[in-house]
Amino acid sequence: KQEVTQIPAALSVPEGENLVLNCSFTDSAIYNLQWFRQDPGKGLTSLLLIQSSQREQTSGRLNASLDKSSGRSTLYIAASQPGDSATYLCAAQGGSEKLVFGKGTKLTVNP
Amino acid sequence: GAGVSQSPSNKVTEKGKDVELRCDPISGHTALYWYRQSLGQGLEFLIYFQGNSAPDKSGLPSDRFSAERTGGSVSTLTIQRTQQEDSAVYLCASSWDFNQETQYFGPGTRLLVL
C-alpha cells in the first residue's frame, strides 16, 4: 500500500528566501508524482507533474525533482513571496490510477 | 473553458439524512475522481470513473456511499443515513484520461453533519 509523507508539516520563512519541501513515498512503482497547492477554503491547484521517466519539471520559480529509486521528490521554490503562502501537497499516482496524497506542508512567507 | 464545478459549496444536514453532492467536470474530460478531505486526515481517494463506469470503488468508506456518472459528464456522490464522521470537504477532480494525466480539482463541497 502506497504511503506518502511530507516533511516539514509547517514552514515559516522570510520573503525572498529559497526553500525546499520534501515528499517521500514507499512504493516506487508510480506513474507520476504531482505537486498541488491548496489555499484556505479552496480546492487544489496543480503545480507540476513529473512522469515516472522524468527527473524534474520546472515552472517559473518552481522546480520539482523526482528520484524513484529513493522514493523521494522535492519542490524547490525560489525567491519566495507572501503570495506563495499556502499548503503544498504532493501525490503519487500508481497502478490503481488513484492519487495517494501526503498530508501537506503549510508554508507561510512573511513580508 | 470553465473549470470543475461542484454543488452545493456548503451543506449542513442532520444525522440520518441523505445528501447528494454534484460534480461537473471539465468538458471533454473522460476521467472523474472523488476525494474526501477530513480535518487532520489528509486527502482520501473515494472512487473514480472512466466514462460512466467505476473500475475502482475500493475507497468508498461504507455501503452508505454510492456514486454514479451519466453521459460521461456529471457525477453525483450520494451519502445515505449521514453520520457525524462523514463531515468533511468532498473534492471532485477530472482529467483528459486516467493514468499520467494532470487532475484538475473543483472547489469542493463542505459537508457538516450535525
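As a reminder, the structure under discussion sits directly above these lines.
Residues numbered from 1 in each chain as written. Chains lettered and ligands numbered in written order. Predicted model: local features only at pLDDT ≥ 70, side-chain atom pairs only at ≥ 80, totals over all residues. Heavy atoms only, no water.

Describing the interface of chain A and chain B
For clarity, the cut-off: Throughout, a contact is declared for two residues whenever any of their heavy atoms are within 4.5 Å. By definition here, a salt bridge exists when the distance from a side-chain nitrogen of Lys or Arg to a carboxyl oxygen of Asp or Glu is within 4 Å. We define a polar contact as two N or O atoms separated by no more than 3.5 Å, with the added condition that, inside protein, one atom must be a possible hydrogen donor and the other a possible acceptor, whereas residues neighbouring each other in sequence contribute only through side-chain atom pairs. The helix and strand labels rest on DSSP assignments: H or I over at least four residues marks a helix, E over at least two residues marks a strand, and numbering proceeds from the N terminus. Nonpolar residues are Ala, Val, Leu, Ile, Met, Phe, Trp, Tyr, Cys and Pro. Charged residues are Asp, Glu, Lys and Arg, and all others, Gly as well, are polar.
Facing the 20 residues of chain A at the interface are 21 residues of chain B. Summed over the shared surface of chain A and chain B, the number is zero salt bridges. Inspection of the chain A/chain B interface yields two residue pairs in polar contact (both at pLDDT 80 or more). With five residues, the top contributor of residues to the side of chain A that touches chain B is strand β4 (residues 30-38) of chain A. Across the side of chain A that touches chain B, the residue classes break down as seven nonpolar, nine polar and four charged.

Looking at the packing of aromatic side chains
Note the threshold: Pairing of aromatic rings covers Phe, Tyr and the six-membered ring of Trp, with a centre-to-centre limit of 6.5 Å; geometry is then stacked below 30 degrees between planes, edge-to-face above 60, and tilted otherwise. Classification of residues uses two cut-offs on accessible area relative to the type maximum, computed with a 1.4 Å probe and protein chains only: under 20% is buried, over 50% is exposed, and between them is partly exposed.
Here the structure, examined in full by the defined rule, presents nine aromatic pairs over all chains. Between Y33 of chain B and Y35 of chain B the ring centres are 6.4 Å apart and the planes differ by 25°, which places this aromatic pair in the stacked class. The residues Y33 of chain B and Y35 of chain B share a single accessibility class, namely buried. Seen from their ring centres, Y35 of chain B and F105 of chain B are 5.5 Å apart, and the 35° between their planes marks the pair as tilted. Linking Y35 of chain B in strand β4 (residues 31-38) with F105 of chain B in strand β10 (residues 104-105), this pair joins segments that are 70 residues apart in sequence. With respect to burial, Y35 of chain B and F105 of chain B carry one shared label: buried. Here the aromatic residues F36 and F101 of chain A together with Y33, Y35, F45, Y48 and F105 of chain B are joined through ring pairs into a cluster of three or more.

These results come straight from atomic positions and should not be treated as a statement about function.
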